[in-house]
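Summary of structural features
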Number of protein chains: 4
Amino acid sequence: MADKAKVLVAGASGFTGALAAQIVHHHPSMELAGVTSRSDVGTRLDRLYPRYRVPLELTELDLDALEDIDAAIVAYPHGASAPTVAALRGLGAIVADLSADFRLRDLPTYERWYGEHGAPELLEDAVYGLVEVHRERLREAKLAAVPGCYPTAGVLALAPLAERGLLADVVIDAKQGTSGYGRSSDDIVHFSAMDENAFAYKAEGHRHRPEIEQELAALGSPAPVTFVPHLLPLDQGELASCFARTSAPLSREEVEALYAERYAEEPFVHLVDRPPGVRDVRDTNECHVYVTVDEHGRVLALSAIDNIWKGASGQAVQCLNLMLGFDEREGLT
Amino acid sequence: MADKAKVLVAGASGFTGALAAQIVHHHPSMELAGVTSRSDVGTRLDRLYPRYRVPLELTELDLDALEDIDAAIVAYPHGASAPTVAALRGLGAIVADLSADFRLRDLPTYERWYGEHGAPELLEDAVYGLVEVHRERLREAKLAAVPGCYPTAGVLALAPLAERGLLADVVIDAKQGTSGYGRSSDDIVHFSAMDENAFAYKAEGHRHRPEIEQELAALGSPAPVTFVPHLLPLDQGELASCFARTSAPLSREEVEALYAERYAEEPFVHLVDRPPGVRDVRDTNECHVYVTVDEHGRVLALSAIDNIWKGASGQAVQCLNLMLGFDEREGLT
Amino acid sequence: MADKAKVLVAGASGFTGALAAQIVHHHPSMELAGVTSRSDVGTRLDRLYPRYRVPLELTELDLDALEDIDAAIVAYPHGASAPTVAALRGLGAIVADLSADFRLRDLPTYERWYGEHGAPELLEDAVYGLVEVHRERLREAKLAAVPGCYPTAGVLALAPLAERGLLADVVIDAKQGTSGYGRSSDDIVHFSAMDENAFAYKAEGHRHRPEIEQELAALGSPAPVTFVPHLLPLDQGELASCFARTSAPLSREEVEALYAERYAEEPFVHLVDRPPGVRDVRDTNECHVYVTVDEHGRVLALSAIDNIWKGASGQAVQCLNLMLGFDEREGLT
Amino acid sequence: MADKAKVLVAGASGFTGALAAQIVHHHPSMELAGVTSRSDVGTRLDRLYPRYRVPLELTELDLDALEDIDAAIVAYPHGASAPTVAALRGLGAIVADLSADFRLRDLPTYERWYGEHGAPELLEDAVYGLVEVHRERLREAKLAAVPGCYPTAGVLALAPLAERGLLADVVIDAKQGTSGYGRSSDDIVHFSAMDENAFAYKAEGHRHRPEIEQELAALGSPAPVTFVPHLLPLDQGELASCFARTSAPLSREEVEALYAERYAEEPFVHLVDRPPGVRDVRDTNECHVYVTVDEHGRVLALSAIDNIWKGASGQAVQCLNLMLGFDEREGLT
């Protein structure tokens, strides 16, 4: 097709960038215009990730020599991302940014968790890329700040309550596979260290917490969120087990009805009738949610996603689909 | 040594029974008097579990022909355990029971979760076998109701607060490997189903919850406990991530001091300065606890045990050591 | 499309049957006419295998009530398969049989390894379903005996040598994940038994060996084959490490050229320039082959497949595609 | 005890060095005199490896300041090891070297595979540390060249045949967990790369092959050995599947008798009656061997070890025990 959108993936040698390249490469309405990397220039992507079958060579990102592109997915670390996003926006490209750089609306909060911001002038234009919550704004957006994996799983699990202002107190115990840790190798994710292991990390404060609190507040429930992430001995997959006190008592039936109504039309969010396993959503852009109420009246909302699909690259393409005027499901099913 | 205690392990073909047999077999003051099984009679235990190196043949439990024993560890399913425990007690044996049959003090609560009780007359004599909490009573006991793995990890994580009456509201998100599921094979623990998977189960109510609530209340904090267990793709190991609202505000330093004081003399409970991994305690009777307070003032207490050691068979031997007058650490280090 | 081929999957509750149902369900030229099971009647297939997303209910196979079908994939155990295949053939259906019942050309050999044969009259019509070797005959066939996973990986690794009569002596050391063990649960594939484990089995004689010897002989090399399979702690994936003495000395370049020529046009067999990993072919119908010669002049041919795709259900659909007149790649890429 | 042997472990921050430190630390006749590291100076060993429970701080190796030691285990990479070993020998210490530096008797062969040798003058004094083969010489030795894990598993599987000059042609297909890859982190052993994966490596020539050929020849069978190692998704454990053509035909009974006689008195080598799994020997110094003959008269000898125990650190201590005049089993059971 002559008029496929030309999409660049910058930072394609990491886990999420490589997957983004794969999804774009097989997307019916997109053409993968290039894959760039800061560490593996000259290597073909299908050498690093044989299973993704993307036969393109990684190049350096040269903004001056960049041929015409319509859009870009940027998979850089936070901090490094902002100036590149700004440059790509300057060239007119629509951008889905996988870093944290444009997720937090409040600059001081960003600076507390991440340091100085590289392009604060773009914060106003950025739309938080959780499609199920910001769909209409994303249709008009030129820059999507694709959420982190934990906020995706957590906010989708709690949005139906948050939107009604029902959340009074929230605990999120999240669990993730090692792909969420990134490709940078170190002792922690060595197979010999991680196999037959599981542990919490950053118990005092993970930087995804303010992102979750921001979004739940924006929806209508400015509740305190306790958030503890865990690393599990698996590759792709994430569970968010959310425990919520509500501002009004709710029966299990009421909660189930609330969720059923909220997610009835969502193409990627599915209510399930038993706690979801991460294998149920592996390699998909789906989020499975189970909700119930325990004997003490606490709402339990358990969600499962693939952290590098719905928690990163799949969601980036879902955002791009909207920003480019395509059906949001294209290339994702 | 002529006067080793003769210890029978009944139900030694299951995961916890087999491990109990191993620990007893290598115990300096115990002699493994026999291993019985209802399913694998005639098989040597080191055929079923080569790594435990117990060269005894599994036999049927024949109470009439039973030679003199001093003690027994019973690793039967709940319900089946009570009458066997009663018979062994009738023969004068000291018993550590790994089932749920004597853990709940309240008969109606037992009946609600497990059905009819097979030996209610023994409930009064049974002492809950969490040594760190009931050490002195266990020295005099003849029947120890060894706790389930989740209550062990959960109560040890929360006891220092519970004893001061400080617990106001508790969420426990627990995670366990497949050895906790038991040896009975089914689809759920098939390697092909469990690998690269993780999920919650019994979200509405797991029968370990009343056990946890009973013990926290006995310690001084009758708080509501929300408890959700998860199954992880690993063999041995358990994490209990406990989130507690306290009845009075506590700083991180105060909480750490409270825990440090409480566990200073405990041989098997260790405070650690980062969230513990299950590999840290694998194949040991230890419980590692990390405690902190988050920005919203909630206490986070994270504990790790080996579910079949400190969560079952190691703890059973720890109980027997006390009941038989040995050092509680014997055979466990 | 009105003229999609109607395909029944019999035995769809096992690992390979379920995957066959998934592939057929999403096949552009096939319609999944039904899924049958002997053990899970009344259950929806997407309940048993959520990730396959096949929303059909499993029914009993009732040959009398069977509506018009064009073809069937039979995923029964050997022995049970033959009479069902015969009945389906009697109804005029084209059949791809995943069992061993029609693979061995020699009835006594079959009887030695599997017992009495349930439909020996069909042996003559059956074509061994290794497409890369029997493509033209399969186009005319009505019954494909889909190879076992080990013969698929082994014969594809060795065919270029076998066809030239070059194989003098063969050792195959094969390794497979637990999906190859089948869904039937037992102690061996319990996660707690298989994790952190690996071992050989049936070292004296696995019934896939005569199948491999039959096919290598048919190609031109009636060499003795030593074959030892191993079980690995992974789900899907198989390696065949083949060590061959050749009847004439061959350099590495000669062997590489031989393989390159032989597989140049094959859509699913790819030569690779480093030993393949099973992840490279996971969830695909591909076979990756690496070939080299060691210092002692022995040819090493290392192949990797997904045992339930190219080693079973993917290959069954590849056969059906040919027998139904479709492009053999349809529904498989 | 006043006269425990003082043993230094140099290179204790790697996988095998850390395990060596643990074994020495708990050894009844040894005292751990120090743990040194080139990369983690100042860190306590139980911080890096909590499960080993060695509460010593890693220091730099300062040969001048070294207090009196009786022996050392050196766990350096090849090349780096030789000069350190030479220096320690110069101080009079008995040394067990875990590197390859003193394993190959032939200097040119060493140089081909490893580069220049740092202390060739010591080659003559070094004894190959496979106790089951060189026990008596080790009693008199001051320097043990502890074998690599693959040669240990391979030679033990084949020694009974090699000693009778019976080996005519050998294929060894070996499989190992990621601890054999070492602690140095890279993409290959990232959990996300290794999980659900398995592959061969160095198919054209692994440097353990000349070591295996040297030892089989020394025993009496200078046979060509084809050797291909594989990496498996597990931590500790190694299988060597050995396929041997013999110079004279042997029945299964004859081979079993030969092995039974050869290994009857060995404390760490056990013949087993089914193919061994790596879990059977995990965390032990044992080698389990299964031997049989297939229909084509080829001998199959399958051995399992823990690659960092019997394949490295356990074996180093077994050597030290002999060199120091202790029972070779001390500290290893």
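The structure presented is a predicted model; accordingly, all values stated were derived computationally and were not measured.

Quick notes on the overall build of chain A
- In terms of helices and strands, chain A carries ten helices and 14 strands.
- Principal-axis analysis of the C-alpha atoms gives chain A an extent of 60 × 45 × 40 Å.
- Put simply, 70% of the contacts in chain A that link residues at least 6 apart link residues at least 24 apart.
- Split by element, the accessible area of chain A, about 11000 Å² in all, is 48% carbon and sulfur.
- Side-chain charges of chain A comprise 30 positive and 51 negative groups, with the mean position of each set lying 2 Å from the other.

Looking at the side chain of glutamate 286 of chain D
- Mapped onto the secondary structure, glutamate 286 of chain D falls in the loop between helix H10 (278-281) and strand E13 (287-293).
- Classification of glutamate 286 of chain D by relative accessible area gives buried; the value is 14%.
- Of note is the side chain of glutamate 286 of chain D, whose polar atom sits 2.8 Å from the side chain of arginine 53 of chain B.
- With residues near it in sequence (within four places) discarded, glutamate 286 of chain D still touches Arg53 of chain B together with Phe268, His270, Val281, Ala304, Ile305, Asp306 and Lys310 of chain D.

A few points about the relation of the copies chain B and chain A
- Superposing chain B onto chain A takes a rotation of 180 degrees plus a shift of 0.0 Å along the axis, which leaves an RMSD of 0.0 Å. Put plainly, the chains are arranged around a two-fold axis.
- Most of the interface of chain B is mirrored in chain A: 100% of its interface residues are interface residues there too.

What about the interface of chain B and chain A?
- Between chain B and chain A, the contact holds 49 residues from the first and 49 residues from the second.
- Where chain B packs against chain A, one counts 14 salt bridges.
- Among the ionic pairs, arginine 282 of chain B bridges to glutamate 196 of chain A, the shortest N-O distance being 2.4 Å.
- At the boundary of chain B and chain A, one finds 43 residue pairs in polar contact (both at pLDDT 80 or more).
- Of the residues contributing to the side of chain B that touches chain A, the split by class is 23 nonpolar, nine polar and 17 charged.

Observations concerning the sheet that holds strand E13 (residues 287-293) of chain B
All names here are of chain B.
- Strand order in the open sheet formed by seven strands is E9-E10-E8-E11-E14-E13-E12, and the pairing between neighbours is mixed. With partners counted over all chains shown, the strands left at the sheet margins are strand E9 (199-200) and strand E12 (269-271), one partner each.
- In terms of strand pairing, strand E11 (residues 238-246) meets strand E14 (residues 299-305) through seven bridges, oriented antiparallel. Counterpart to phenylalanine 243 in the pairing with E14 is leucine 300.
- Contacts from helix H8 (residues 208-219) reach strand E8 (167-176) and strand E10 (225-231), with the element oriented near 135 degrees to E10.

A word on the environment of alanine 93 of chain A
- Looking at the element boundaries, alanine 93 of chain A is found in the loop between helix H3 (81-90) and strand E5 (94-97).
- Classification of alanine 93 of chain A by relative accessible area gives buried; the value is 1%.

Topic: the interface of chain C and chain B
- Opposite the 18 residues of chain C that make contact, chain B presents 18 residues.
- Across the chain C to chain B interface the summed buried area is about 1500 Å²; carbon plus sulfur atoms make up 53%.
- Where chain C touches chain B, the interface holds two salt bridges.
- Residues aspartate 187 of chain C and arginine 183 of chain B are paired through a salt bridge, measuring 2.6 Å at the closest nitrogen-oxygen approach.

Topic: the pairing of strand E14 (residues 299-305) of chain A
All names here are of chain A.
- Buried residues dominate E14, accounting for seven of its seven residues.
- Of the two faces of E14, the one carrying Val299, Ala301, Ser303 and Ile305 and the one carrying Leu300, Leu302 and Ala304 are both buried.
- Two elements, strand E13 (residues 287-293) and E14, share seven bridges in a ladder whose sense is antiparallel. The residue of E14 that forms the bridge with threonine 292 is leucine 300.
- Counted between consecutive antiparallel strands, the loop separating E13 from E14 contains five residues, among which glycine 297 sits at a positive phi close to 85 degrees.

Some points on helix H11 (residues 309-323) of chain D
Residue and element names in this part refer to chain D.
- The end-to-end C-alpha separation of H11 is 18 Å, well short of the 21 Å expected for 15 residues at 1.5 Å each.
- Of all 15 residues in H11, 15 are buried; the element is thus mostly enclosed.
- One or two positions beyond H11, positive phi appears at glycine 325, with a value near 85 degrees.

Quick notes on the sheet that holds strand E11 (residues 238-246) of chain A
Residue and element names in this part refer to chain A.
- Ordered in space as E9-E10-E8-E11-E14-E13-E12, the seven strands form an open sheet in which the pairing is mixed. Every other strand in the sheet has two partners, leaving strand E9 (199-200) and strand E12 (269-271) as the edge strands with one partner each.
- When E9 meets strand E10 (residues 225-231), the two strands line up antiparallel, connected through two bridges. Directly across from phenylalanine 199, in E10, lies its bridge partner leucine 231.

Topic: the pattern of salt bridges
- This model, assessed by the stated rule, comprises 104 salt bridges over all chains.
- The salt bridge partner of aspartate 235 of chain C is arginine 279 of chain A, with a shortest N-O separation of 2.7 Å. You can see aspartate 235 of chain C sitting in the loop between strand E10 (225-231) and strand E11 (238-246) and its partner arginine 279 of chain A sitting in the loop between E12 and E13, one on each of two chains. We note that aspartate 235 of chain C, like arginine 279 of chain A, is buried.
- One salt bridge in this structure joins arginine 209 of chain C and glutamate 213 of chain C, with 3.0 Å as the shortest N-O distance.

Regarding a negative patch on the surface
- Taken together, the side chains of Glu31, Glu67, Asp68 and Asp70 of chain A define an acidic patch exposed on the protein surface.
- Position of aspartate 68 of chain A relative to the elements: it lies in the loop between strand E3 (58-59) and strand E4 (71-74).

Focus: the packing of helix H5 (residues 131-140) of chain B against helix H10 (residues 309-323) of chain B
Residue and element names in this part refer to chain B.
- Closest axis-to-axis distance for the H5/H10 pair is 9 Å, and the angle between their directions is 30 degrees. Both H5 and H10 take part in a crossing whose hand is right-handed. Contact residues: H5 offers Val131, Glu132, Arg135, Leu138 and Arg139, while H10 offers Lys310, Gln315, Gln318, Cys319, Leu322 and Met323.
- Tallied by class, the residues present in the contact of H5 with H10 amount to five nonpolar, two polar and four charged.

Some points on the environment of glycine 148 of chain C
Residues and elements named next belong to chain C.
- For glycine 148, the position within the fold is in the loop between strand E7 (143-145) and helix H6 (149-162).
- Sequence separation of glycine 148 and alanine 312 is 164 residues, and the distance between their C-alpha atoms is 6.7 Å.
- Setting aside chain neighbours within four positions, we find glycine 148 in contact with Arg103, Tyr128, His208, Glu211 and Gly311.

Section: the packing of H6 of chain C against helix H9 (residues 252-263) of chain C
All names here are of chain C.
- Where H6 meets H9, the closest approach of the two axes is 9 Å, and the angle between their N-to-C directions is 110 degrees. Considered as vectors, H6 and H9 are oriented roughly perpendicular to each other. Residue-level inspection shows Val155, Leu156, Ala157, Leu158, Ala159, Pro160 and Leu161 of H6 in contact with H9, the latter providing Leu258, Tyr259, Arg262 and Tyr263.
- Of the residues that constitute the contact of H6 with H9, the class distribution is ten nonpolar, no polar and one charged.

Concerning the side chain of threonine 246 of chain B
Residue and element names in this part refer to chain B.
- For threonine 246, the location among the structural elements is in strand E11.
- A polar side-chain atom of threonine 246 sits 2.7 Å from the main-chain carbonyl oxygen of alanine 248.
- When sequence neighbours within four positions are dropped, the list of residues in contact with threonine 246 reads Leu161, Leu166, Ala168 and Val299.

With respect to the relation of the copies chain C and chain B
- By a simple turn and slide, chain C fits onto chain B: the slide is 0.0 Å along the axis, the RMSD is 0.0 Å, and the turn is 180 degrees.
- Both copies contact each other with a shared surface, as 100% of the interface residues of chain C are interface residues in chain B too.

Details of helix H4 (residues 107-114) of chain B
Residues and elements named next belong to chain B.
- Taken residue by residue, H4 has Tyr110, Trp113 and Tyr114 as its buried positions. Seen end-on, H4 carries its buried residues on one side only, within an arc spanning 80 degrees. Exposed and facing more than 90 degrees away from the buried side of H4 are Pro108 and Arg112.
- Looking at the buried positions of H4, the neighbouring elements they touch are H8.
- Two residues or fewer past H4, glycine 115 is found with a positive phi of approximately 95 degrees.

Concerning the nonpolar core
- With 91 residues, the main nonpolar core has Leu167, Ile172 and Tyr259 of chain A together with Leu167, Ile172 and Tyr259 of chain D as its most contacted residues.
- Apart from the residues within four sequence positions on either side, leucine 167 of chain A is in contact with Leu158, Leu161, Ala162, Leu216, Ser221, Ala223, Ala244 and Arg245 of chain A.

Rules used in this analysis
- Residues numbered from 1 in each chain as written.
- Chains lettered and ligands numbered in written order.
- Predicted model: local features only at pLDDT ≥ 70, side-chain atom pairs only at ≥ 80, totals over all residues.
- Heavy atoms only, no water.
- Helix = DSSP H or I, 4+ residues; strand = E, 2+ residues; numbered from the N terminus.
- Contact = heavy atoms within 4.5 Å.
- Areas by Shrake-Rupley, 256 points an atom, 1.4 Å probe, with all protein chains shown as cover.
- Lys, Arg positive; Asp, Glu negative; His and termini not counted.
- Charge placed at Lys NZ, Arg CZ, Asp CG, Glu CD.
- Buried < 20%, exposed > 50% of the residue type's maximum accessible area, 1.4 Å probe, protein only.
- Polar contact = N/O pair within 3.5 Å; in protein donor to acceptor, adjacent residues only side chain to side chain.
- Least-squares fit on C-alpha atoms with pLDDT ≥ 70 in both.
- Salt bridge = Lys/Arg side-chain N within 4 Å of Asp/Glu carboxyl O.
- Nonpolar A, V, L, I, M, F, W, Y, C, P; charged D, E, K, R; others polar.
- Pairing = 2+ DSSP bridges.
- Axes fitted to C-alpha atoms, helices over the stretch in contact; angles between N-to-C directions.
- Buried area = accessible area lost by both parts, 1.4 Å probe.
- Expected span 1.5 Å × (residues − 1).
- Patch = residues over 30% accessible without salt bridge, like charges linked within 9 Å, V, L, I, M, F, W, Y side chains within 5 Å.
- Left-handed = near helix turned anticlockwise from the far one by under 90°.
- Parallel < 35°, antiparallel > 145°, perpendicular 65-115°, else oblique.
- Arc of directions from axis to C-beta.
- Core = buried A, V, L, I, M, F, W, Y, C linked by side-chain atoms within 4.5 Å.

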